[in-house]
Amino acid sequence: MREKILALEKIAASLEPSNSERKHFQNLTNDYSNRFLNQIDSCKAFEETEEKGIGIYDFPISEKPKNFETLLNVIEKEVDFPGLNPASGGHLAYIPGGGIFPSALGDYLADVTNNFAGMFFAAPGAVRMENQLIRWMCDIMGFDNEKAGGNLTSGGSIANLTAIVTARDASKIEAKDFHKSVIYATKQTHHSIQKAIRIAGLKEAILRYVEMDEGFRINAKKLEKQIQEDKNAGLLPIIVIASAGTTDVGAVDPIDKIANICSSENVWLHVDGAYGGFFILCDEVKSKFKGIEKADSITIDPHKGLFLPYGTGAVLIKNRSHLYHSHYYKASYLRDVETSAEEFSPADLSPELTKHFRGLRMWLPLQLFGLKPFKAALSEKIYLARYFYERIKEMPNFEVGSFPELSVTYFRYVPENENANDFNNKLVEAIRIDGRIFLSSTTIDEKVYIRLAVLCFRSHLKTIDLALEVIKDLIEKLK
Ligand SMILES: *Cc1c(COP(=O)(O)O)cnc(C)c1O
């Protein structure tokens with residue numbers, strides 16, 4: 001038996017590379033990532049390829065070890081090259097991502113140490129770090145940290161789901177009442193909310209789309225009237241979803257008015273600020289967030305508004321005990337794990353137990369750079385969207401949407417003798433194939449519009465000038 005065990009140990013030993021092997025891998029990885037970053041400004045924002053990474057399948061998972069350099073080449077050719085390049089400043093579609101470098105180092109360290117950030121007992125410092133980040137975000141939103149709490153999630157969708165589950169439980173409705181329960185949103189509400197409602201078991205609930213004003217914001221009067229009508233009809237209004245920046249057009253709902261209605265009608269207010277939440281840090285638009293501190297829950301997405309790489313969202317709950325009530329756990333195999341009165345454990349405030357120590361990728365850059373450059377970059381994005389809006393508005397045959405509230409703007413080209421929708425579909429496709437910048441489209445009142453969303457920290461004035469140039473070029477070609 002001992003011999004057998006030792007023989008297995010020997011084979012398994014390659015799972016632990018030596019100091020010099022580690023250095024070799026680190027050097028290769030560093031060279032590759034530096035090369036990637038040094039070229040980022042000249043890379044396309046979108047690479048349309050025939051193969052679309054199909055070569056990955058030439059490297060099946062097998063018994064055979066492979067060479068690190070070979071694998072990096074596969075990653076470069078098959079993974080990093082084709083499709084969208086979210087690290088590029090030219091990514092101006094959907095809601096662009098980020099990828100600030102120190103986050104990668106934070107991830108690296110979190111992976112090497114493999115801290116168990118789910119429980120205070122196991123990794124007190126790591127849990128305090130995540131709690132510090134949650135408290136900082138609660139502070140920004142004006143929540144009282146004595147009572148508030150939250151969780152670092154993998155993204156905005158899971159944050160929305162966590163909030164909906166918490167709101168469902170806090171409203172004390174039972175399954176037999178689900179079909180009478182009403183949730184209020186608008187046609188602009190992000191689809192992750194509908195998904196969350198369904199996953200939370202509330203698919204029988206009534207989802208009301210409230211009327212919007214001309215700027216695609218909730219009409220608060222209509223909302224109030226609808227809630228009262230529903231109550232009179234014997235229904236149970238439970239949740240209102242407001243958006244602090246819709247994904248589609250960047251609209252910010254009148255949060256203060258909505259919050260007052262929710263508080264007098266005793267309905268849970270969830271504010272989805274996945275895209276726009278961190279703009280509260282900018283004096284230019286801060287007033288739009290008035291009343292957000294009255295919300296019951298808020299979603300924000302550090303992998304959008306703080307330029308982090310993908311993988312970090314956050315849910316903030318004004319009354320932490322609701323979050324705890326919906327997510328705490330007890331397991332007999334964890335009987336030695338004490339719940340601490342000193343600090344809450346993420347595992348008690350989320351569906352996860354074992355999780356990535358995602359606090360470090362956020363904490364490290366915030367500490368290293370300080371808040372100032374983050375705020376400046378956010379303000380820069382606001383002005384870039386306004387700059388684009390002013391320029392495109394002056395160009396012949398362009399129609400623009402309303403003045404950008406945050407950093408999303410939309411426009412369409414109306415050709416003289418061609419169907420406008422067909423033309424704009426062709427235009428957005430031509431932009432993708434050209435690849436220097438990447439834009440996406442949407443439909444508003446059955447009209448196709450092209451969106452320009454500025455949120456990548458690498459998008460600057462020269463990027464927007466390039467976008468204007470690309471659009472002009474391609475219109476000439478299409479005409
Ligand atoms: C992006 C977004 C989401 C979803 O967040 P993910 O991080 O992509 O899961 C939800 N709501 C809004 C308004 C968003 O912009």
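Definitions and cut-offs
- Residues numbered from 1 in each chain as written.
- Predicted model: local features only at pLDDT ≥ 70, side-chain atom pairs only at ≥ 80, totals over all residues.
- Heavy atoms only, no water.
- Near = heavy atom within 4 Å.
- Polar contact = N/O pair within 3.5 Å; in protein donor to acceptor, adjacent residues only side chain to side chain.
- Areas by Shrake-Rupley, 256 points an atom, 1.4 Å probe, with all protein chains shown as cover.
- Helix = DSSP H or I, 4+ residues; strand = E, 2+ residues; numbered from the N terminus.
- Nonpolar A, V, L, I, M, F, W, Y, C, P; charged D, E, K, R; others polar.
- Phe/Tyr/Trp six-rings, centres within 6.5 Å; stacked < 30°, edge-to-face > 60°.
- Buried < 20%, exposed > 50% of the residue type's maximum accessible area, 1.4 Å probe, protein only.
- Contact = heavy atoms within 4.5 Å.
- Salt bridge = Lys/Arg side-chain N within 4 Å of Asp/Glu carboxyl O.
- Pairing = 2+ DSSP bridges.

Draft legend 1. Spotlight on the site of the ligand. Close to the ligand lie 15 residues, the nearest being S157, D272, D301, H303 and K304. One of the side-chain N or O atoms of S157 is found 2.6 Å from an oxygen atom in the ligand. Contacts to the ligand include H303, whose side-chain N or O atom sits 2.7 Å from an oxygen atom. Coverage of the ligand by the protein amounts to 85% of the 380 Å² it exposes when considered alone. Sorting the residues of the shell around the ligand by element identifies α6 (156-170) and α10 (302-305) as the ones contributing at least two each. Top contributing element to the shell around the ligand by residue count: α6, with 3 residues. Within the shell around the ligand, the residues separate by chemical class into 3 nonpolar, 9 polar and 3 charged.

Draft legend 2. View of the packing of aromatic side chains. Per the counting criterion, the structure on display carries 16 aromatic pairs. Centroid distance Y324 to F344: 5.8 Å. Interplanar angle 75°. Geometry classified as edge-to-face. With a gap of 20 residues between them, Y324 in helix α11 (residues 320-327) and F344 in the loop between α11 and α12 (360-369) connect regions that are remote in the sequence. By relative accessible area, F344 is classed as partly exposed at 31%. These aromatic residues form a ring-pair network of at least three members: F388, F398, F411, Y413 and F423.

Draft legend 3. Structural context of α12. Listed in full, the buried residues belonging to α12 are L360, R361, M362, P365 and L366. Summarising the contacts, the buried residues of α12 are in contact with α4 (101-113), α5 (124-141), β3 (149-153), α10 and α13 (372-394). Taken from the residues just after α12, G370 is the one with a positive phi, measuring 75°.

Draft legend 4. Layout of the pattern of salt bridges. This structure, assessed with the given rule, holds 30 salt bridges. What you see here is one network of salt bridges that share partners, running through D213, E214, R217, K288 and E405.

Draft legend 5. Local environment of the pairing of strand β13 (residues 447-453). Judged by how many residues are buried, β13 sits mostly within the fold: 6 of 7 residues are covered. Examined bridge by bridge, strand β11 (residues 408-413) and β13 share 4 bridges and lie antiparallel to one another. By the bridge assignment for β13, Y410 is matched with R451. Looking at chain direction, strand β12 (residues 440-444) and β13 are connected through 5 bridges and run antiparallel. Bridge pairing links S440 to R451 in β13. Hairpin connection, β12 to β13: the antiparallel pair is bridged by 2 residues, and D445 has positive phi, about 50°.

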